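One letter stands for each residue in the lines below.
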Amino acid sequence: AQTVTQSQPEMSVQEAETVTLSCTYDTSENNYYLFWYKQPPSRQMILVIRQEAYKQQNATENRFSVNFQKAAKSFSLKISDSQLGDTAMYFCALAYSGAGSYQLTFGKGTKLSVIP
Amino acid sequence: KAGVTQTPRYLIKTRGQQVTLSCSPISGHRSVSWYQQTPGQGLQFLFEYFSETQRNKGNFPGRFSGRQFSNSRSEMNVSTLELGDSALYLCASSPGTGPGTEAFFGQGTRLTVV
């Protein structure tokens, strides 16, 4: 079974500052992908960033980057130059090829508030 | 390109009734999956359909069912509704070509059971 754990239910950050959201996971699979999804108050989940487990290089997307520590099964998200529009729930998720289908396992989420 | 469309956006039902939710995926996407989101349990996988076939099902009772049509549109049905079924139901579509592909989500259907 796959599990994803987000230990920070809520976080806040000042506008323009940097914040890091934590995620740990457990899987026995070798071929898997990790994702961070954002869910603003509008409820629509949006992909922020994805990481392939077999790639050592950490993924980056503009102000968003990850710190992927495969041995530690850790996958944290760093948001630089935080903006008010970053206020949302952030979900860490895992998908693996052995499931036989497309299926995401999500963490419980971190509610991020960006303070002006 | 139109996004994933879920209808209705809000629904209020009485215990014991049944409900059908609809999801229209992005054009060309063959995989549609459904998730239940509640404050207590978070996001839980319900099932996934690919080319009209259910490929996987989460740990939910048989009251939860779904189907996918030839145009990839999907419906999920919940029979004999219980108060605990109150949740946000999210549909996601993807090209279905592998676990690394992005899932595109709809805005969800908020179901309230009274």
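The structure we're discussing is the one just above.
Since we're looking at a predicted model, the values are computed, not measured.

Caption draft 1: Representation of the overall build of chain A in the model. Secondary structure assignment for chain A yields zero helices and 12 strands. Its helices and strands in sequence order give chain A the pattern β-β-β-β-β-β-β-β-β-β-β-β, from N to C terminus. Its C-alpha atoms give chain A a radius of gyration of 14 Å, near enough to 13 Å, the size a compact globule of 116 residues would have. Each of the three principal axes of chain A carries a C-alpha extent, and together these read 45 × 30 × 20 Å. Residue burial in chain A is summarised as follows: out of 116 residues, 51% are buried. Considering only intrachain contacts with a sequence separation of at least 6, the fraction spanning at least 24 residues in chain A is 55%.

Caption draft 2: Structural view of the interface of chain B and chain A. Between chain B and chain A, the contact holds 29 residues from the first and 22 residues from the second. Summed over both partners, the interface of chain B with chain A comes to about 2,100 Å²; 52% of that surface belongs to carbon and sulfur atoms. The three residues of chain B that bury the most area against chain A are B:Leu43, B:Pro99 and B:Phe105, which together make up 29% of that side's buried surface. For the pair chain B and chain A, the interface holds one salt bridge.

Caption draft 3: View of the state of the cysteines. Residues and elements named next belong to chain A. Applying the stated criterion across every chain yields a total of two disulfides over all chains. Here Cys23 connects covalently by a disulfide to Cys92, the sulfurs 2.0 Å from one another. When the S-S torsion is -70°, as for the bridge of Cys23 with Cys92, the disulfide is left-handed. Placement of Cys23 in the loop between strand 3 (19-21) and strand 4 (24-26) and of Cys92 in strand 10 (residues 88-96) is noted, with a sequence separation of 69 residues between them. For Cys23, a relative accessible area of 2% puts it in the buried group.

Caption draft 4: Broad picture of the packing of aromatic side chains. Per the stated rule, a full pass over the model turns up 13 aromatic pairs over all chains. Of the aromatic side chains, those joined through ring pairs into one cluster are A:Phe35, A:Tyr37, A:Phe91, A:Phe106, B:Tyr35, B:Phe45 and B:Phe105. The ring of B:Phe50 carries the charged tip of B:Arg55 above its face, separated from the ring centre by 4.3 Å.

Caption draft 5: Spotlight on the sheet that holds strand 8 (residues 74-78) of chain B. Residue and element names in this part refer to chain B. The four strands lie next to each other as 1-3-8-7, forming an open sheet whose pairing is antiparallel. Looking along the sheet, the strands with just one partner apiece sit at the ends: strand 1 (5-7) and strand 7 (64-68). Averaged over neighbouring strand pairs, the angle between their axes works out to 15° when direction is ignored.

Caption draft 6: Representation of the pairing of strand 4 (residues 31-38) of chain B in the model. Residue and element names in this part refer to chain B. With eight of eight residues buried, strand 4 lies mostly within the body of the structure. Going residue by residue along strand 4, you find Ser31, Ser33, Tyr35 and Gln37 tucked away on one face and Val32, Trp34, Gln36 and Thr38 tucked away on the opposite face as well. Where strand 4 meets strand 5 (residues 42-50), eight bridges bridge the pair, whose relative direction is antiparallel. If you follow Ser31 over to strand 5, its bridge partner there is Phe50. Here strand 4 folds back onto strand 5 in antiparallel fashion, the turn holding three residues. As paired elements, strand 4 and strand 9 (residues 87-94) share seven bridges and run antiparallel to each other. From the neighbouring strand, Gln36 faces strand 9, where its bridge partner is Tyr89.

Calculation criteria
- Residues numbered from 1 in each chain as written.
- Chains lettered and ligands numbered in written order.
- Predicted model: local features only at pLDDT ≥ 70, side-chain atom pairs only at ≥ 80, totals over all residues.
- Heavy atoms only, no water.
- Helix = DSSP H or I, 4+ residues; strand = E, 2+ residues; numbered from the N terminus.
- Rg over C-alpha atoms; globule rule 2.2 N^0.38 Å.
- Buried < 20%, exposed > 50% of the residue type's maximum accessible area, 1.4 Å probe, protein only.
- Contact = heavy atoms within 4.5 Å.
- Buried area = accessible area lost by both parts, 1.4 Å probe.
- Salt bridge = Lys/Arg side-chain N within 4 Å of Asp/Glu carboxyl O.
- Disulfide = S-S within 2.5 Å.
- Phe/Tyr/Trp six-rings, centres within 6.5 Å; stacked < 30°, edge-to-face > 60°.
- Lys NZ or Arg CZ within 6 Å of the ring centre and 35° of its normal.
- Pairing = 2+ DSSP bridges.
- Axes fitted to C-alpha atoms, helices over the stretch in contact; angles between N-to-C directions.

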